[in-house]
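Chain by chain, the residues:
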Amino acid sequence: MNTDPNIEDFADSNNPVVRKFNEYLDAHGMRRTTERYAILNRIMGINGHFTIEELQQMIEGDGFRVSRSTVYNTVELLMNAKMLRRHVFEGMQAQYERITLPHTHLVCTTCGKVKEVRDPNFAAFMNARRFNAFNTDHYSLYVYGTCSTCARKSKRNMAAKEDKNKKHK
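Residues numbered from 1 in each chain as written. Predicted model: local features only at pLDDT ≥ 70, side-chain atom pairs only at ≥ 80, totals over all residues. Heavy atoms only, no water.

Enquirer: Sorry, what's going on with unusual backbone geometry here?
Expert: Across residues other than glycine, the phi torsion is negative in most instances, and most of the peptide bonds are trans. In this structure, K82 takes a positive phi of about 60 degrees despite not being glycine. On the secondary structure map, K82 appears in the loop between helix 5 (68–80) and strand 1 (84–87). Positive phi is not limited to glycine here, since A133 has a value of about 55 degrees. Among the secondary structure elements, A133 is positioned in the loop between helix 6 (120–128) and strand 5 (141–145). Accessibility expressed as a relative area gives 88% for A133, which makes it exposed. (Helix = DSSP H or I, 4+ residues; strand = E, 2+ residues; numbered from the N terminus. Buried < 20%, exposed > 50% of the residue type's maximum accessible area, 1.4 Å probe, protein only.)

Pasting the structure below:
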């Protein structure tokens, strides 16, 4: 009995994401491979951002072996198909996420945590905004600062230093 995964294990043609991927592959004369669908399947189960390394670890954790170059190539393919978006947040390695509704990224410059927020007022403003000689496809906004966890930690550390200085005087 063969227990190796095959395309049927991953490529549910009733799934709209798989259908979109199939249409992209067919339109570009590309092969439908088990590896591509295993990667797509794993990405569909991720909520939020991920790195290539994290994605590869998850796929291998599922018991499926795939080369790093195949992961990179498939992620690039999914970006070209407008199914994934790449983000390079200041001072961090590239992260990816499934394309969803427009949102803002709040990036903590202390711990690197990224939080997504949806602001309907900002979205309405951007959707109504027109630029001369330019058709907007999508937008991305990164807001850098300090998350509440890091701010509390910093405040506690400052208070501890002040207490220590008072004791030594």
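Back to the text.
Enquirer: Help me understand the layout of surface pockets in this model?
Expert: Unfilled space is identified by rolling a water-sized probe across the atoms. Empty space within the largest pocket amounts to approximately 230 Å³. Residue lining of the largest pocket: 18 residues in total, with P102, N127, D137, H138 and Y139 positioned closest to the centre. (1 Å grid on protein atoms, 1.4 Å probe; cavity = no way out; pocket = protein on both sides within 12 Å on 5 of 7 lines; lining within 4 Å. Points joined across faces, edges and corners; volume = space filled by probe spheres on them.)

Enquirer: I'm lost on a positive patch on the surface in this one. Help?
Expert: A contiguous patch of positive charge on the surface is contributed by K113, K115, R152, K153 and R156. Broken down by element, the positive patch gets its largest block of residues, three residues, from helix 7 (residues 148–168). Relative to the elements of secondary structure, R156 occurs in helix 7. (Patch = residues over 30% accessible without salt bridge, like charges linked within 9 Å, V, L, I, M, F, W, Y side chains within 5 Å. Areas by Shrake-Rupley, 256 points an atom, 1.4 Å probe, with all protein chains shown as cover. Salt bridge = Lys/Arg side-chain N within 4 Å of Asp/Glu carboxyl O. Lys, Arg positive; Asp, Glu negative; His and termini not counted. Charge placed at Lys NZ, Arg CZ, Asp CG, Glu CD.)

Enquirer: Whenever I open this one, the packing of aromatic side chains confuses me. Can you help?
Expert: The description of an aromatic ring pair rests on the distance of the ring centres and on the angle between the ring planes. Counted by the stated rule, this structure contains seven aromatic pairs. Consider the rings of F131 and F134, whose centres lie 6.4 Å apart with planes at 85 degrees: the pair is edge-to-face. Classification of F131 by relative accessible area gives partly exposed; the value is 37%. Classification of F134 as exposed rests on a relative accessible area of 52%. Within the aromatic cluster, the residues linked to one another by ring pairs are F89, Y142 and Y144. (Phe/Tyr/Trp six-rings, centres within 6.5 Å; stacked < 30°, edge-to-face > 60°.)

Enquirer: So what exactly am I meant to see when it comes to the pairing of strand 4 (residues 114–117) here?
Expert: Two faces belong to every sheet, and in a regular strand the side chains alternate between them. By the bridge criterion, four bridges tie strand 3 (residues 104–108) to strand 4 in an arrangement that is antiparallel. Within the sheet, the bridge partner assigned to V107 lies in strand 4 and is V114. Connecting strand 3 to the antiparallel partner strand 4 that follows it, the hairpin turn spans five residues, and G112 within it adopts a positive phi of roughly 85 degrees. (Pairing = 2+ DSSP bridges.)

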